[in-house]
Amino acid sequence: MTDAPTARDLAPRILAGDRRALARAVTLVESTRPDHRADATALIEALRKPTADLGRQALRIGLSGTPGVGKSTFIEAFGMALVEGGLRVAVLAVDPSSSRSGGSILGDKTRMDRLSREPAAFIRPSPSATHLGGVARRTREAVALCEAAGFDVVLIETVGVGQSETMVAQMCDVFVLLLAPAGGDELQGVKRGIMEMADLILVNKADGDLKPAATRTVADYAGALRLLRKRPQDPEGFPKALPVSAMTGAGIAEAWAEVQALARWRKDQGWWDRARATQAAHWFEAEVREGLLSRLHRDPDLRRAMADQAKAVAEGRLTPDAAAAEILSNL
């Protein structure tokens, strides 16, 4: 990205719903170059007040699921249903990055062929950039850009079940876990922590020969959810499990109705605003941590000190704790 667009150029175009400007802005916020980071910060700040004045708050839905569960097929079916209902939908799909090249698969636009052609939809695959759990560091900024561009719903797809879900939970309003039909024993394979974060569990592939298995799986998860401690941010009956079929569309409308009902209840009870405030504070702290790490890598003196301390640790002359304390004291 040689000629990065400025905040002054992009902000009015994004507010007007220009998808090309939005795509360029997402590229800008994903850049790690210091000058681009400064431009990205200026852009987000330039959009903050106009977005608030226009009352633009998208419904942020985090979506995760085990590999092979059909996340992309479900997102396309779900997104098409929302678009056909008159809504604008953005999909931020975080792809796994290569540990060697840093490149990512970026296949979501291929897998969501119909949705990618919709004028009311925006699909943006982003490399996870080797961050813990595979969630792109700049996804939250991309979410803010999509809100400013007037999208009604932002779907944030994670790489898979793992620690990335904790990070996604800090940037979404409703967290959906997508699972495949399974035997009762396989219920043990889903971590309790993921279950506790989920607002809605959707059992996909509830069609054809798999429909009876999907029905049993929904019952198994519904029973497991009843054993979890009730959360204050949930109305009666949540979290809940439902069957869906991304292939036939069965259950998609019901799932959307439940997401809307939960979001309305949380808004009415004040949980929505409290959660957003907590998320903002969380990401402020995360940005400070990332900034400190970035400074460690950019400063030549600190880089040399890091290399020296790493060598001392490898040779057994220093413990990792002592070496880290020495580096931190130099900050």
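Notes on the structure in this doc start here. Treat the numbers as computed from the prediction; the structure is a model and nothing was measured.

### Things to note about the packing of helix H2 (residues 19-30) against helix H3 (residues 34-53)
Moving on, step 1. Where H2 meets H3, the closest approach of the two axes is 8 Å, and the angle between their N-to-C directions is 125 degrees. Comparing their axes, H3 and H2 come out oblique. Handedness of the H2/H3 crossing: left-handed. Counted together, Ala-25, Leu-28 and Val-29 of H2 and His-36, Arg-37, Asp-39, Ala-40 and Leu-43 of H3 form the full contact between these two elements.
Moving on, step 2. When its residues are assigned to classes, the contact of H2 with H3 shows 5 nonpolar, 1 polar and 2 charged.

### Focus: the side chain of Glu-141
Moving on, step 1. Counting through the fold element by element, Glu-141 comes out in helix H7 (residues 139-148).
Moving on, step 2. Residue contacts for Glu-141: discarding those within four places in its chain leaves Val-29, Arg-37 and Ile-44.

### Overview of the environment of Gly-17
Moving on, step 1. By the secondary structure assignment, Gly-17 is in the loop between helix H1 (7-15) and H2.
Moving on, step 2. Remark: the alpha-carbon pair of Gly-17 and Glu-147, spanning 130 residues in sequence, is separated by 9.9 Å.
Moving on, step 3. Apart from residues lying up to four places away in sequence, Gly-17 is in contact with Arg-88 and Ala-149.

### Details of empty space enclosed by the protein
Moving on, step 1. Counted by the stated rule, this structure contains 1 cavity of 30 Å³ or more.
Moving on, step 2. In this structure, the largest cavity encloses a volume near 50 Å³.
Moving on, step 3. As for the largest cavity, its lining consists of Ile-61, Leu-63, Phe-74, Phe-78, Leu-155, Val-176, Leu-200, Leu-202, Ala-255 and Val-259.
Moving on, step 4. When its residues are assigned to classes, the lining of the largest cavity shows 10 nonpolar, no polar and no charged.

### Some words on the layout of surface pockets
Sizing a probe to match a water molecule and rolling it over the atoms shows the empty space that remains.
Moving on, step 1. Reported here for the largest pocket is a volume of approximately 880 Å³.
Moving on, step 2. Around the largest pocket sit 28 residues that line it, and Ile-44, Arg-60, Arg-140, Ala-144 and Ala-280 are the ones nearest its centre.
Moving on, step 3. Listed by contribution, the elements that provide at least two residues to the lining of the largest pocket are H3, H7 and helix H12 (271-298).
Moving on, step 4. The leading source of residues in the lining of the largest pocket is H3, at 8 residues.
Moving on, step 5. For the lining of the largest pocket, the residue count by class is 12 nonpolar, 6 polar and 10 charged.
Moving on, step 6. What the second largest pocket holds in volume is close to 600 Å³.
Moving on, step 7. Taken together, 24 residues form the lining of the second largest pocket, with Ala-169, Arg-231, Gln-233, Arg-266 and Ala-275 sitting closest to its centre.
Moving on, step 8. The dominant element in the lining of the second largest pocket, judged by the number of residues it contributes, is H12, at 6 residues.
Moving on, step 9. Along the lines of polarity and charge, the residues of the lining of the second largest pocket split into 11 nonpolar, 5 polar and 8 charged.

### Structural notes on the nonpolar core
Moving on, step 1. Core analysis: the biggest nonpolar cluster contains 47 residues, and Ile-14, Leu-22, Leu-43, Leu-145, Cys-146, Val-154 and Ile-201 have the highest contact counts within it.
Moving on, step 2. If you tally residues by element for this core, the top one is H2, at 6 residues.
Moving on, step 3. Residue contacts for Leu-43: discarding those within four places in its chain leaves Ala-7, Leu-10, Ala-11, Ile-14, Ala-25, Leu-28 and Leu-145.
Moving on, step 4. Grouped together as the second largest cluster of nonpolar side chains are 36 residues, Ile-75, Phe-78, Leu-202 and Trp-256 included.

Calculation criteria
Residues numbered from 1 in each chain as written. Predicted model: local features only at pLDDT ≥ 70, side-chain atom pairs only at ≥ 80, totals over all residues. Heavy atoms only, no water. Axes fitted to C-alpha atoms, helices over the stretch in contact; angles between N-to-C directions. Helix = DSSP H or I, 4+ residues; strand = E, 2+ residues; numbered from the N terminus. Parallel < 35°, antiparallel > 145°, perpendicular 65-115°, else oblique. Left-handed = near helix turned anticlockwise from the far one by under 90°. Contact = heavy atoms within 4.5 Å. Nonpolar A, V, L, I, M, F, W, Y, C, P; charged D, E, K, R; others polar. 1 Å grid on protein atoms, 1.4 Å probe; cavity = no way out; pocket = protein on both sides within 12 Å on 5 of 7 lines; lining within 4 Å. Points joined across faces, edges and corners; volume = space filled by probe spheres on them. Core = buried A, V, L, I, M, F, W, Y, C linked by side-chain atoms within 4.5 Å. Buried < 20%, exposed > 50% of the residue type's maximum accessible area, 1.4 Å probe, protein only.

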